[in-house]
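# Descriptive analysis of the structure
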Amino acid sequence: MRLFVCAPLLAAIPGIAFAGPLTFDAALRQAKHDAPSIRAKTLGTDAARSARGAAGTLPDPTLAVGVDSFPISGPLAFEPQRDNFTMARVGVSQDIPNLAKRHAQQARADSDIRAAEADTAVEARTVEVGTALAWINLAYAERRLAALDDVLSRLERVVGTTTGAVASGSVRPGQTLAGQQAIATMQDRRSELVSNVARARATLTRWTGDPAPEIAGPIPEFLVDGTELRAGLDRHPTIQMIDAQAGQADADVRVADAGRRSDFGVNVAYQRRDPRFGDYVSAGVTVSLPFFTRNRQNAGIAAAQANAGRVLAEREAARRALAADLDADIADHVMHHEQWMRAQGTLQSLAEQRVKLETASYGAGRASLVDVADAYAALADATLTTLDREALVAADGARLTLTYRSDAR
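Residues numbered from 1 in each chain as written. Predicted model: local features only at pLDDT ≥ 70, side-chain atom pairs only at ≥ 80, totals over all residues. Heavy atoms only, no water.

Under the convention used in this document: UniProt positions are given in the numbering used here, feature names are shortened, and annotations may be inferred rather than shown by experiment.
Within an unreviewed UniProt entry, the label attached to the protein chain reads TolC family protein, and the organism entered is Sphingomonas immobilis. Here is the UniProt Sequence similarities (unreviewed entry) comment for the protein chain, exactly as written: "Belongs to the outer membrane factor (OMF) (TC 1.B.17) family." Turning to the protein chain, the UniProt record has this under Subcellular location (unreviewed entry): "Cell outer membrane".

Next comes the structure, spelled out in structure tokens:
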């Protein structure tokens, strides 16, 4: 039952639109536009871009306020007004990291942006594949229900003729029970299919945000080109994300290496004394001295280099896993297509012929209603099996094409 009462409330929620039945392409567009997971990843990318502006900039200056040379012992203890050395000091200091470190920090921020963008692309691919499979699953769930309803209505028409046949004496009364049992069994199966439709619709709601999605349009056919899909694995979003992580690791190596160079600092101070004496101005420069590079900087560089090597090894492992999964999925797709052709060309055709023959024999008095009911049950099995296998082929095509295609397509 459609939730008409809640429709005005749902329509008022941002991001939810009631644009009528969803075609396959429209469902993909709506999912990409409304998916909260993609929105979260996009905000992460925005955060990385915002952080880029601060990368490599000088740290904030430091303000220092104090009192110098305040006497605490001797004949002038705690009498600064009699001492010509006591002075109030106000100073500003500025740390200046070396230029290599600042450039390395900027490169790290750039790599963070690329990693966030790659992460967003991976999530967008996940949403796209999930939406495609949910749409196809709902389409075939509705087809299975319609196909079973057709077989059930045909069986009910045959069983409906038994009342007159019993009255004429050509059919035993007990045979009517067999027909009713067959209808009840098929109705149980129909209840399962109704549940499957509801479950499939709920899954599509998860991806599109539409609270009660209705689908329309043809089921897409994807041409699976294994050669092209294999050639594009290096441009797959998952691999590109690991490449972005490798860029982060390389930037970390540069940051660690820059630590072997000296940082600088400057400071200026104004020192105010008693008006009887003169004031002072101080200025200075600080230079860090990375003397102990073995235990400090070199250790950090080695750790960063090891991490970069780890990312490269993970990339190769991920690519091999993708290639293996692609080959396995292609093999399954070939098998599913052959099984679908066999079911469509043989199993369902034979089941249809059996129904016709048994129905004709029943009309001629040479077959019982049990035989007809069994034939219709077999037809229902064959029809649903054919649709199951067709659904696997359609889902394989969508999953293979959308999952393994390169990001350039």
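### Focus on the confidence of the model for the protein chain
Basically, it comes down to this: Along the chain, pLDDT gives the predictor's confidence residue by residue, from 0 to 100. Here a strand is any run of E in DSSP of at least two residues, a helix any run of H or I of at least four, and the numbering for each starts at the N terminus. What makes two residues a contact is simply this: any of their non-hydrogen atoms within 4.5 Å.
Model confidence for the protein chain is summarised by a mean pLDDT of 85, while 89% of its residues fall at 70 or above. Mean pLDDT across the elements of the protein chain ranges from a minimum in helix α1 (residues 7–11), with 39, to a maximum in helix α3 (residues 36–52), with 94. Confidence drops under a pLDDT of 50 for residues 1–18, and excluding neighbours within four residues, the segment shows 13 contacts in the predicted structure.

### A few points about the environment of Thr208
Heads up, the condition is: Throughout this description, a polar contact denotes any pair of N or O atoms lying within 3.5 Å of each other; where both atoms belong to protein, one of them has to be capable of donating a hydrogen while the other can accept it, and for residues adjacent in sequence the pair is counted only when both atoms sit in side chains.
Position of Thr208 relative to the elements: it lies in helix α6 (residues 173–208). When the C-alpha atoms of Thr208 and Leu28 are compared, they prove to be 7.8 Å apart, with 180 residues separating the residues in sequence. Look past the residues within four positions of Thr208 in its chain and what remains in contact with it is Leu22, Ala27, Gln30, Ala31, Asp34 and Thr131. A polar atom in the side chain of Thr208 sits 2.9 Å from the backbone oxygen of Leu204.

### Describing the nonpolar core
Just so we agree on the cut-off: Put simply, buried Ala, Val, Leu, Ile, Met, Phe, Trp, Tyr and Cys residues joined by side-chain atoms within 4.5 Å make one nonpolar core. Summary of the burial criterion: residues with accessible area below 20% of their type's maximum are buried, those above 50% are exposed, and those between are partly exposed, where the area comes from a 1.4 Å probe applied to protein chains only.
Counting residues in hydrophobic clusters, the biggest one holds 53 residues, and the most contacted among them are Trp135, Ile136, Tyr140, Leu155, Met186 and Tyr376. Counting residues per element, the ones that place at least two in this core are α2 (24–34), α4 (99–160), α6, α9 (297–363) and α10 (369–404). Top contributing element to this core by residue count: α4, with 18 residues. Not counting residues up to four positions away in its chain, the partners in contact with Leu155 are Ala182, Ile183, Met186, Ala373 and Tyr376. If you look at the next biggest cluster of nonpolar residues, it comprises 18 residues, including Ile239, Ile301, Ala308 and Ala318.

### Points about the pattern of salt bridges
This is how it is decided: Here a salt bridge means any side-chain nitrogen of Lys or Arg lying within 4 Å of a carboxyl oxygen belonging to Asp or Glu.
Considering all chains together, one arrives at 28 salt bridges under this definition. In this structure, the salt-bridge partner of Arg125 is Glu128, at a minimum N-O distance of 3.9 Å. Within this pair, Arg125 and its partner Glu128 are both found in helix α4, separated by three residues, close to a single helical turn. Both residues of the pair, Arg125 and Glu128, belong to the buried class. Between Asp234 and Arg319 there is a salt bridge; the shortest N-O distance is 2.7 Å. Of this pair, Asp234 sits in the loop between α7 (226–231) and α8 (237–258) while Arg319 sits in helix α9, placing them 85 residues apart in sequence. Take Arg319: its relative accessible area is 23%, and that puts it in the partly exposed class. Connected through salt bridges with shared partners, the residues Lys32, Arg125, Glu128 and Arg405 form a single ionic network.

### Here we look at the environment of Trp340
Looking at where Trp340 falls in the secondary structure, it is placed in helix α9. Judged by its relative accessible area of 16%, Trp340 falls in the buried class. Residues Trp340 and Leu392, 52 residues apart in the sequence, show an inter-C-alpha distance of 8.6 Å. Excluding residues within four positions of it along the chain, Trp340 makes contact with Thr386, Arg389, Glu390 and Val393.

### Remarks on the layout of surface pockets
The gaps left among the atoms become clear once a water-sized probe is rolled over them. Short version of the rule: Each cavity reported here is a set of points on a 1 Å grid over the protein atoms alone in which a 1.4 Å probe fits but cannot get out, each pocket an open set with protein on both sides within 12 Å along at least five of seven lines, and each lining residue one with an atom within 4 Å of a point. Grid points are joined across faces, edges and corners, and a volume is the space filled by probe spheres set on the points. Three classes are used, and their members are as follows: Ala, Val, Leu, Ile, Met, Phe, Trp, Tyr, Cys and Pro are nonpolar, Asp, Glu, Lys and Arg are charged, and the others, Gly among them, are polar.
Size it by volume and the largest pocket reaches roughly 270 Å³. Every residue lining the largest pocket is counted, 13 residues in all, and those nearest its centre are Pro220, Glu221, Trp340, Val393 and Ala394. Sorting the residues of the lining of the largest pocket by element identifies α4, α9 and α10 as the ones contributing at least two each. No other element matches α10, which puts four residues into the lining of the largest pocket. The residue inventory of the lining of the largest pocket, partitioned by class, reads seven nonpolar, three polar and three charged.

### Quick look at the packing of α2 against α3
When two helices pack together, their arrangement is captured by the angle between the axes and the distance separating the axes. The cut-off we apply is this: Axes here refer to lines fitted to C-alpha atoms; in helices the fit is confined to the stretch in contact. Angles between the N-to-C directions go from 0 to 180 degrees. To sort the angles, those under 35 degrees are grouped as roughly parallel, those over 145 as roughly antiparallel, those from 65 to 115 as roughly perpendicular, and the leftovers as oblique.
Packing of α2 against α3 brings their axes to within 6 Å, and their N-to-C directions diverge by 45 degrees. In terms of axis orientation, α2 runs oblique to α3. Note on element contacts: α3 touches α2 through Pro36, Ile38 and Arg39, opposite Ala31, Lys32, His33 and Asp34.

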